[in-house]
Amino acid sequence: MVETLGVAVIGFGWMGRVHTRAYARVAHHYPRLPLRPELVAVAEEVPGRAEEAAAQFGFASATRDWREVAADPRVRAVSVTAPNFLHREIGVAMAEAGKHLWIEKPVGLTAGDARAVADAVAAAGVQGAVGFNYRNAPAVETARDLIASGEIGTVTHARIRLFSDYAAHPEAALTWRYERERGGSGVLGDLASHGADLARFLLGDIVSVAADTAVFVPERARPAGATAGHSRAAGGEPGPVENEDYVGCLLRFASGARGVLEACRVSVGEQNNYGFEVHGTRGAVAWDFRRMNELAVSRGTAYQDQPVSTVYVGPGHGEFAAFQPGAANAMGYDDLKVIEACRFLRSVAEGTPYGATPADAVRSAAVLDAVVRSVDTGAWVAVDRRA
């Protein structure tokens, strides 16, 4: 017996569309899932955008006020894809209204914000999921299993990188992303939050950090109207960029391994260059998001001059079989959000968390808070490891 679950999406920029498409596709890839999402409501404060979303995707109702979603008895689960400064207020309100919550990272501006949402979810007894989508890639899950099995020996050191050029153009509009009050951190919250989650997912808790940040494009033009994505605003009134374009961070893991986390939003020549390399005492494993369905693996007993092999993930790895019939058939970014949607809905159906949770968001945010303190003090800083 398949049950219908009324869902809503709050915030309808690019990520709101991604969540909506994931809801629409999830039954195609997971036909045995006992819940089928029904698009009940969409909320977006930009005039006309919610109505456009309803017309295009089939939401039953549209509003500019997200509070109407909290009060709507038809809605049992909510996707929050609004700007970062709204995450805490909306996330807490939805949990307190008894709605299951699928919320985008970084879940607020600080670890305190993420903890408030996690606490609200726990107190309400609802399920919570967080948009750390890169951990859902079958190759990443395979890498985690390979590391845990000891195939590359004891992990010694790792590098996690997230380089992009989405803010490299000097005419990129001065949106909320570049403001402390509404965006909080810059590339820390946007990209390094994924890096912190990947590091923890693969290698366990991070116990301390030493970091540096920089702003390379210190001024941008204010947009004349509503924006979506990474719009340009040539000729607008200039304003200061208040948060970092770049972060470089040394990591110490509870296991004793060492790491480097580096992220930048103004890397000219880099388009979504996200990935990791993990080295152990007997081998290594590496992943590049741009070749999402491959792993570079070195294992054996040679140690020196040991070759690296390309492993193509297939139906036996992670959730690959829900999308493709054989190895080396490509999956894409949106597929990762379909996996995320499935795990969220499965959590609701079974009452057991699957995938990244608000507690994971708290731990990722705690790493980012420690990075900020390290930049301020110029010293190594311990990470608050409370969930």
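For the structure itself, look to the data block above.
Our subject in this report is the structure included herewith.

This part takes up the overall build of the chain. The helix and strand tally for the chain stands at ten helices and 17 strands. Relative to the globule expectation of 21 Å for 387 residues, the C-alpha radius of gyration of the chain, 21 Å, shows essentially globular dimensions. Dimensions of the chain, computed from the C-alpha atoms along their principal axes, are close to 65 × 55 × 40 Å. Looking at the chain as a whole, 56% of its 387 residues are labelled buried. In the structure as shown, the chain presents an accessible area of about 15900 Å², 49% of it carried by carbon and sulfur atoms. Looking at charge distribution, the chain has the averaged site of its 39 positive side-chain charges lying 4 Å from that of its 45 negative ones.

Right, let's get into the nonpolar core. Ranked by size, the top nonpolar core spans 94 residues in total, and within it Tyr-30, Val-209, Leu-251, Val-278, Val-285 and Trp-287 carry the most contacts. The biggest single contributor to this core is helix H8 (residues 187-203), with ten residues. In this view, Trp-287 contacts Tyr-134, Ala-137, Ala-139, Val-140, Arg-161, Tyr-274, Gly-275, Phe-276, Met-292, Glu-294 and Leu-295; residues no more than four positions away in its chain are not counted. By size, the runner-up hydrophobic cluster in this structure holds 33 residues, among which are Val-69, Val-121, Val-130 and Ala-365.

This paragraph deals with the sheet that holds strand S11 (residues 246-253). The sheet built from nine strands is open, its strands ordered S16-S15-S14-S13-S7-S12-S11-S8-S17 with mixed pairing. The open sheet has two free edges, formed respectively by strand S16 (309-312) and strand S17 (381-382), since each of these has just one partner strand. Helix-sheet contacts for H8 involve strand S7 (155-163), strand S8 (206-214), S11, strand S12 (258-264) and strand S13 (273-280), and the interaxial angle to S12 is about 155°. Contacts between helix H10 (residues 358-377) and the sheet are confined to S8, S11 and S17, with S8 contributing the most and set at about 55° to the helix.

Bringing the sheet that holds strand S2 (residues 35-43) into the picture now. On the basis of which strands lie adjacent, the open sheet formed by six strands has the order S3-S2-S1-S4-S5-S6 and parallel pairing. One side of each edge strand has no neighbouring strand; the edge strands of this open sheet are strand S3 (61-63) and strand S6 (128-130). Going across the sheet, the axis of each strand differs from the next one's by a mean of 25°, ignoring polarity. As defined by bridge partners, strand S4 (residues 77-80) adjoins strand S5 (residues 100-103) across four bridges and the pair is classed as parallel. Following the sheet pairing, Val-80 is matched in S5 by Ile-103. Sitting on the sheet, helix H1 (residues 14-29) touches strand S1 (3-10), S2, S4 and S5, and the angle it makes with S2 is about 155°. Against the sheet, helix H9 (residues 333-350) makes contact with S1, S2, S4, S5 and S6, and its axis sits at roughly 160° relative to S5, the strand it touches most.

Direction vectors running N to C along H8 and H10 enclose 115°, while the axes themselves pass 9 Å from each other. Read as a crossing pair, H8 and H10 show a hand that is right-handed. Each of Leu-188, Gly-189, Ala-192, Ser-193, Ala-196, Asp-197 and Arg-200 in H8 lies in contact with H10, whose residues at this interface are Asp-360, Arg-363, Ser-364, Val-367, Leu-368, Val-371 and Val-372. Along the lines of polarity and charge, the residues of the contact of H8 with H10 split into seven nonpolar, three polar and four charged.

So, on to the packing of helix H5 (residues 111-124) against H10. Between H5 and H10, the least distance of the axes is 8 Å, while the angle of their chain directions is 165°. Overall, the two elements H5 and H10 adopt an arrangement that is roughly antiparallel. The two elements H5 and H10 meet at a crossing, and its hand is left-handed. Of H10, the residues touching H5 (which contributes Ala-111, Ala-114, Arg-115, Ala-118 and Val-121) are Pro-358, Ala-359, Ala-361, Val-362, Ala-365, Ala-366 and Asp-369. Here the contact of H5 with H10 is built from residues that sort into ten nonpolar, no polar and two charged.

Attention now goes to a nonpolar patch on the surface. Together, Leu-250, Val-260 and Trp-380 give the surface a local cluster of nonpolar side chains, amounting to about 240 Å² of exposed area. Position of Leu-250 among the secondary structure elements: in strand S11. Since its relative accessible area comes to 42%, Leu-250 is described here as partly exposed.

So, how was this worked out
Residues numbered from 1 in each chain as written. Predicted model: local features only at pLDDT ≥ 70, side-chain atom pairs only at ≥ 80, totals over all residues. Heavy atoms only, no water. Helix = DSSP H or I, 4+ residues; strand = E, 2+ residues; numbered from the N terminus. Rg over C-alpha atoms; globule rule 2.2 N^0.38 Å. Buried < 20%, exposed > 50% of the residue type's maximum accessible area, 1.4 Å probe, protein only. Areas by Shrake-Rupley, 256 points an atom, 1.4 Å probe, with all protein chains shown as cover. Lys, Arg positive; Asp, Glu negative; His and termini not counted. Charge placed at Lys NZ, Arg CZ, Asp CG, Glu CD. Core = buried A, V, L, I, M, F, W, Y, C linked by side-chain atoms within 4.5 Å. Contact = heavy atoms within 4.5 Å. Pairing = 2+ DSSP bridges. Axes fitted to C-alpha atoms, helices over the stretch in contact; angles between N-to-C directions. Left-handed = near helix turned anticlockwise from the far one by under 90°. Nonpolar A, V, L, I, M, F, W, Y, C, P; charged D, E, K, R; others polar. Parallel < 35°, antiparallel > 145°, perpendicular 65-115°, else oblique. Patch = residues over 30% accessible without salt bridge, like charges linked within 9 Å, V, L, I, M, F, W, Y side chains within 5 Å. Salt bridge = Lys/Arg side-chain N within 4 Å of Asp/Glu carboxyl O.

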